[in-house]
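Here is what each chain is made of, one letter per residue.
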There are 4 protein chains.
Amino acid sequence: MANVTLKKSAINKRQKKEALMNTAFELFTSKGINKTSISDIVEKAGVAKGTFYLYFKDKYDIRNYLISSKAEQLFLTAHKALDTTKIPEIEDQIVFIVDNCLNQLTENPSLLNFISKNLSWGVFKKALVDPESESDMNTMDMDELDSENFSFYKIYQYLINSSDRQFKDPEIMLFMIIELVSSTCYSSILYSEPCNIDELKPHLFKQVRHILEDHEEV
Amino acid sequence: MANVTLKKSAINKRQKKEALMNTAFELFTSKGINKTSISDIVEKAGVAKGTFYLYFKDKYDIRNYLISSKAEQLFLTAHKALDTTKIPEIEDQIVFIVDNCLNQLTENPSLLNFISKNLSWGVFKKALVDPESESDMNTMDMDELDSENFSFYKIYQYLINSSDRQFKDPEIMLFMIIELVSSTCYSSILYSEPCNIDELKPHLFKQVRHILEDHEEV
Amino acid sequence: MANVTLKKSAINKRQKKEALMNTAFELFTSKGINKTSISDIVEKAGVAKGTFYLYFKDKYDIRNYLISSKAEQLFLTAHKALDTTKIPEIEDQIVFIVDNCLNQLTENPSLLNFISKNLSWGVFKKALVDPESESDMNTMDMDELDSENFSFYKIYQYLINSSDRQFKDPEIMLFMIIELVSSTCYSSILYSEPCNIDELKPHLFKQVRHILEDHEEV
Amino acid sequence: MANVTLKKSAINKRQKKEALMNTAFELFTSKGINKTSISDIVEKAGVAKGTFYLYFKDKYDIRNYLISSKAEQLFLTAHKALDTTKIPEIEDQIVFIVDNCLNQLTENPSLLNFISKNLSWGVFKKALVDPESESDMNTMDMDELDSENFSFYKIYQYLINSSDRQFKDPEIMLFMIIELVSSTCYSSILYSEPCNIDELKPHLFKQVRHILEDHEEV
DNA sequence: TATGAATGAGGGTTCATTCAT
DNA sequence: CATGAATGAACCCTCATTCAT
């Protein structure tokens, strides 16, 4: 009894929030968001039901925190890997990042499944123009996401600027790359349809290079 | 006489089913699937609750019927329009179809919103390999869809074969086109992000041609 | 089509009623009465829903027909077997009938399961005093049953009268035998609890003889 | 302090659960289990529907709790009454308990009606071998019942062991007594069929003594 | 007689949210 | 901050029964 009390009080605020997010991620990826209830989350996380509402507005609120944080992590990991290389050309850098992200997602299909329908232009755009806004996300169809510190677009801008080449409509360029890659990798990685990811990669990389090429200012 | 009676009740049944589908489509596009209950559908359609279950297994069953039928309609309309032209080259034919579909979706954003997250490779593949299978769709995360008579893939094959040119991996080729177009058009048409659809089209068409080009057997 | 019509019209009234009863028995014994719906019965019997109501008032009506008919059959079979023997003494006759019934039920556990909770004094009494009455049976707790031609009590009376011995309170005597045997055989035959039926029989037969003994007028 | 709070809410919980059980018992005995809905129970008990599910899995769960608790109470009352007497012989003790139970049931016909079809060997056996097991009772045909603290079998063993006489197969012996008494008393007490309980008792007691006699090891 | 599409009341169950402790 | 018992609206789905054909 005293033991339980001690244990609980030892878990501080931050820890509780993280416990909830970790548990929610586990459940969202294993059962799907729709079939995961707040009761499921709090029970598995070992906190009381009321506690959930101290940190999150509802189920979609916690989902948004998760997507931002997972997507950010994905890109930052890829960018860190890029930093350890000395790849000079922008095309090769982008392809490297794409490849790295695909590898991460191949290793972690539940993450892919989770972010696949959300990691789209909405994420980037939102992070770019309005990183602090809060919206009512109480639906499944929303694709606008909060992202506390999402900084990938800055990384992208930095890459473009660091290059000694010029691109027009860099935003559209990024948009097309993101959409092409994220939508094709889903069925390829998860279901090997219409082919597995290793077969798909050459096609994908070729198209990525085409996109860059078509946007280059000569 | 008996024949007439049979016909009459069969027509009635068809009408009920269509009334339900029309109502469901309206509600799905206006409120979203998750926020639409079966009660909502039957109430608006003016039939009893039990009647719904005479025609559909559940909410996701009616959704699947809708997606199949709407997507089929979309492509058939585009193909019919193509037939009225005399476009000889396969690249131009494909671009024409893409353009026509984009125009239809621009005219009908609620349709776009409805099928955008479902009109993906799952639809085609399903129709292609297993048009009769029945799957348990009782979740939101499913992306495999029944499609009774879905025949777009056949049209596509016909176009490829009619051409005097050779393409390798035509399935992957189609896959990339479909995914690129469908994922980019969503935010472009609905939110003009990162640019409106008219701005996007040149980029899109150029990429579509690149994809064909890269698959051509010379 | 004409074929179907022919087939259906060829099944006459009696046949439909029997098809319904046979199907209902199958379903009642396999799924239980509560979990069997009228839809289940008519579907499996191959008749239309409305047809059910031409022959039976509701689910409990058909159940009662079944119990009467099955129980009657059980006892008549036992009595027929007795007739082929030349057992002279009433105790041995009764024990023979009990044994024969137990054997039938052991061979046919689903029948046992079906009648076990209904084959009690209610059945006999009802048949004895009021074989034609019709009661609202729309509950599970009812144990009063219609029995069109149920004649076991007459057989019993005949056996008692044919004997050259005298018994007082023959009705109570029969009552105790029936209740003892039917209630013990249920768990013994179906679950071998607290022992299997072969182990139980000696105990049972001894008690049956005791009951007769205690009622004999000396 | 915390202790007091805990106790208070625990008491509250116990009260809610008991309110539900009392209400359910009233409704089960007056309308029958099949015709009693959970809505009926919660409405009459004055709690919200969801509250029911905090304490019970479904209707059959609460039924099982009730049968266990009512049957336990019945036997414990009978045994307590026995303790106040100085009856030395085991036959007389058993007959006393049977008589006492019959008297309680005569006083309380709704209790009889409720437990009559369930107070069978299943109850005792279950309590005997596996008092903690949990089974899916979601059917009407179940006759295996949970019984948290059901201790009658222990009382019975104690009585047998305290006696200076020896009995073989005591389990079968008890089984036959229980089944004979419980199945006959139902129609006798509730419907005076084929005779009232006072007329039946001498017959019953005589048979009970016969059963003991036949199992005695001399 | 026989049909079977249509009904709609009513059942069981879930679960986000609140609030007294 | 944290709890978790209680809520009750809202959901899905079943199914006995009817009735126009």
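Residues numbered from 1 in each chain as written. Chains lettered and ligands numbered in written order. Predicted model: local features only at pLDDT ≥ 70, side-chain atom pairs only at ≥ 80, totals over all residues. Heavy atoms only, no water.

With respect to the overall build of chain A
Inference 1: Helix and strand content of chain A: 11 helices and 2 strands.
Inference 2: By the burial criterion, 55% of the 218 residues in chain A qualify as buried.
Inference 3: Counting only contacts in chain A whose residues sit at least 6 apart along the sequence, the fraction spanning at least 24 positions is 67%.
Inference 4: Accessible surface for chain A amounts to roughly 10500 Å². Of this, 51% is attributable to carbon and sulfur atoms. (Helix = DSSP H or I, 4+ residues; strand = E, 2+ residues; numbered from the N terminus. Buried < 20%, exposed > 50% of the residue type's maximum accessible area, 1.4 Å probe, protein only. Contact = heavy atoms within 4.5 Å. Areas by Shrake-Rupley, 256 points an atom, 1.4 Å probe, with all protein chains shown as cover.)

Topic: the interface of chain C and chain D
Inference 1: Contact with chain C, which involves 39 residues of that partner, is made by 38 residues of chain D.
Inference 2: Summed over both sides, the interface of chain C with chain D buries roughly 3300 Å², with 59% coming from carbon and sulfur.
Inference 3: At the junction of chain C and chain D, the tally comes to 0 salt bridges.
Inference 4: At the level of secondary structure, the elements contributing two or more residues to the side of chain C that touches chain D comprise helix 8 (121–129), helix 10 (170–191) and helix 11 (197–215) of chain C.
Inference 5: Within the side of chain C that touches chain D, the residues separate by chemical class into 14 nonpolar, 11 polar and 14 charged. (Buried area = accessible area lost by both parts, 1.4 Å probe. Salt bridge = Lys/Arg side-chain N within 4 Å of Asp/Glu carboxyl O. Nonpolar A, V, L, I, M, F, W, Y, C, P; charged D, E, K, R; others polar.)

Brief notes about a negative patch on the surface
Inference 1: Taken together, the side chains of A:Asp169, A:Glu217, B:Asp198 and B:Glu199 present a region of like negative charge at the surface.
Inference 2: Assignment of secondary structure puts B:Asp198 in helix 10 (residues 197–215).
Inference 3: Here B:Asp198 falls in the exposed class, since its relative accessible area comes to 57%. (Patch = residues over 30% accessible without salt bridge, like charges linked within 9 Å, V, L, I, M, F, W, Y side chains within 5 Å. Lys, Arg positive; Asp, Glu negative; His and termini not counted. Charge placed at Lys NZ, Arg CZ, Asp CG, Glu CD.)

Quick look at the relation of the copies chain C and chain D
Both copies of the chain are related by one operation, a rotation about an axis with a shift along it.
Inference 1: Aligned on chain D, chain C shows an RMSD of 0.2 Å; the corresponding rotation is 180° and the shift along the axis is 0.1 Å. What the superposition gives is, in effect, a two-fold axis relating one chain to the other. Among all residues of chain C, the minimum C-alpha distance to the rotation axis is found for C:Leu180, at 2.4 Å.
Inference 2: Mapped onto chain D, 97% of the interface residues of chain C again fall at the interface, so both copies present the same surface. (Least-squares fit on C-alpha atoms with pLDDT ≥ 70 in both.)

Some words on the packing of aromatic side chains
Residues and elements named next belong to chain A.
Inference 1: Going through the model one piece at a time under the given rule, you end up with 24 aromatic pairs over all chains.
Inference 2: Plain terms: the ring middles of phenylalanine 25 and phenylalanine 114 are 5.4 Å apart, the flat faces sit at 90° to each other, and that makes the pair edge-to-face. In this pair, phenylalanine 25 is assigned in helix 2 (residues 13–31) and phenylalanine 114 in helix 7 (residues 109–116), connecting sequence segments 89 residues apart. Across this residue pair, the class does not change: phenylalanine 25 and phenylalanine 114 are buried.
Inference 3: Ring plane angle 75° and centroid distance 5.4 Å describe the contact between phenylalanine 52 and tyrosine 53, whose orientation is recorded as edge-to-face.
Inference 4: Phenylalanine 52 sits in the buried class, given a relative accessible area of 0%.
Inference 5: Lysine 70 extends its terminal NZ or CZ atom over the ring of phenylalanine 25, reaching a point 4.0 Å from the ring centre. (Phe/Tyr/Trp six-rings, centres within 6.5 Å; stacked < 30°, edge-to-face > 60°. Lys NZ or Arg CZ within 6 Å of the ring centre and 35° of its normal.)

Quick word on the protein's contact with DNA strand F
Inference 1: Taken together, 31 residues lie around DNA strand F, and A:Lys13, A:Thr51, B:Lys49, D:Thr51 and D:Tyr55 are the ones closest in.
Inference 2: The sugar-phosphate share of atoms of DNA strand F within 4 Å of the protein amounts to 63%.
Inference 3: One of the side-chain nitrogen or oxygen atoms of A:Tyr55 is found 2.7 Å away from a phosphate oxygen of DNA strand F.
Inference 4: One of the backbone N or O atoms of D:Ala48 is found 3.3 Å from a phosphate oxygen in DNA strand F.
Inference 5: Elements with a contribution of two residues or more to the surface near DNA strand F: helix 2 and helix 4 (49–55) of chain A, helix 2 (38–45) and helix 3 (49–55) of chain B, helix 3 (38–45) and helix 4 (49–55) of chain C together with helix 3 (49–55) of chain D.
Inference 6: With 5 residues, the single largest contributor to the surface near DNA strand F is helix 3 of chain D. (Near = heavy atom within 4 Å. Polar contact = N/O pair within 3.5 Å; in protein donor to acceptor, adjacent residues only side chain to side chain.)

As for the pattern of salt bridges
Inference 1: Counted according to the given criterion, the structure contains 34 salt bridges over all chains.
Inference 2: A salt bridge links C:Arg209 to C:Asp92; its shortest N-O distance comes to 3.0 Å. Linking C:Arg209 in helix 11 with C:Asp92 in helix 6 (residues 90–107), this pair joins segments that are 117 residues apart in sequence.
Inference 3: D:Glu216 is the partner of D:Arg165 in a salt bridge, and the nearest nitrogen-oxygen pair spans 2.6 Å. Taken together, the residues span a long stretch of sequence, with D:Arg165 in the loop between helix 8 (152–162) and strand 1 (166–167) and D:Glu216 in strand 2 (residues 216–217) at a distance of 51 residues.

Focus: the side chain of C:His203
Inference 1: Looking at where C:His203 falls in the secondary structure, it is placed in helix 11.
Inference 2: A residue is classified by how much of its surface remains accessible, and C:His203, at 15% relative accessible area, is buried.
Inference 3: Excluding anything up to four places from it in sequence, C:His203 contacts D:Asp169, D:Ile172, D:Met176 and D:His215.

A word on unusual backbone geometry
Inference 1: Of note, the amide linkage connecting A:Glu193 to A:Pro194 takes the cis form, showing an omega dihedral of -5°.
Inference 2: For A:Pro194, the location among the structural elements is in the loop between helix 10 (170–191) and helix 11 (197–215).
Inference 3: Located in the positive-phi region is C:Asp169, a residue other than glycine, with phi close to 50°.
Inference 4: Looking at the secondary structure, you find C:Asp169 in the loop between strand 1 (166–167) and helix 10.
Inference 5: Judged by its relative accessible area of 34%, C:Asp169 falls in the partly exposed class.

Concerning the nonpolar core
Inference 1: Grouped together as the largest cluster of nonpolar side chains are 124 residues, with contacts concentrated most on A:Leu20, A:Leu102, B:Leu20 and B:Leu102.
Inference 2: Once you skip the residues sitting within four places of it in the chain, B:Leu102 turns out to touch B:Val181, B:Cys185, B:Ile189, B:Ile197, B:Lys201, B:Leu204 and B:Phe205.
Inference 3: In terms of nonpolar packing, the next biggest core, distinct from the first, is built from 123 residues, C:Leu82, D:Leu27, D:Ile38 and D:Leu111 among them. (Core = buried A, V, L, I, M, F, W, Y, C linked by side-chain atoms within 4.5 Å.)

Considerations on the packing of helix 2 (residues 13–31) of chain C against helix 5 (residues 59–83) of chain C
Residues and elements named next belong to chain C.
Inference 1: Packing of helix 2 against helix 5 leaves a shortest axis separation of 10 Å and a crossing angle of 90°. Judged by the inter-axis angle, helix 2 sits roughly perpendicular to helix 5. Contact residues: helix 2 offers Lys17, Leu20, Met21, Ala24, Phe25 and Phe28, while helix 5 offers Lys59, Ile62, Arg63, Tyr65, Leu66 and Lys70.
Inference 2: Residue composition of the contact of helix 2 with helix 5, grouped by class: 8 nonpolar, no polar and 4 charged. (Axes fitted to C-alpha atoms, helices over the stretch in contact; angles between N-to-C directions. Parallel < 35°, antiparallel > 145°, perpendicular 65-115°, else oblique.)

Topic: the packing of helix 10 of chain C against helix 10 (residues 197–215) of chain D
Inference 1: The interhelical angle for the contact between helix 10 of chain C and helix 10 of chain D, taken along N-to-C directions, is 50°, at an axis separation of 12 Å. Taken as axis vectors, helix 10 of chain C and helix 10 of chain D run oblique relative to one another. As for the relative orientation of helix 10 of chain C and helix 10 of chain D, their crossing is right-handed in sense. Here C:Ile172, C:Phe175 and C:Met176 of helix 10 of chain C come into contact with helix 10 of chain D, specifically with D:Glu199, D:Leu200, D:His203, D:Leu204 and D:Gln207.
Inference 2: Here the residues of the contact of helix 10 of chain C with helix 10 of chain D sort into 5 nonpolar, 2 polar and 1 charged. (Left-handed = near helix turned anticlockwise from the far one by under 90°.)

Describing the environment of C:Asp99
Residues and elements named next belong to chain C.
Inference 1: By the element assignment, aspartate 99 lies in helix 6.
Inference 2: Taking the C-alpha atoms as reference points, aspartate 99 and phenylalanine 205, separated by 106 residues in sequence, lie 8.4 Å from one another.
Inference 3: Not counting chain neighbours up to four residues away, the residues in contact with aspartate 99 comprise Lys201 and Phe205.

Side note on the confidence of the model for chain A
All names here are of chain A.
Inference 1: When pLDDT is averaged across chain A, the result is 83; 80% of the residues are at 70 or more.
Inference 2: Confidence drops under pLDDT 50 across residues 1–9; counting only partners more than four residues distant or on other chains, this segment forms 3 contacts.
Inference 3: In the predicted structure, residues 128–149 sits below a pLDDT of 50 and forms 51 contacts with residues beyond four places in sequence or in another chain. (pLDDT = per-residue confidence, 0-100.)

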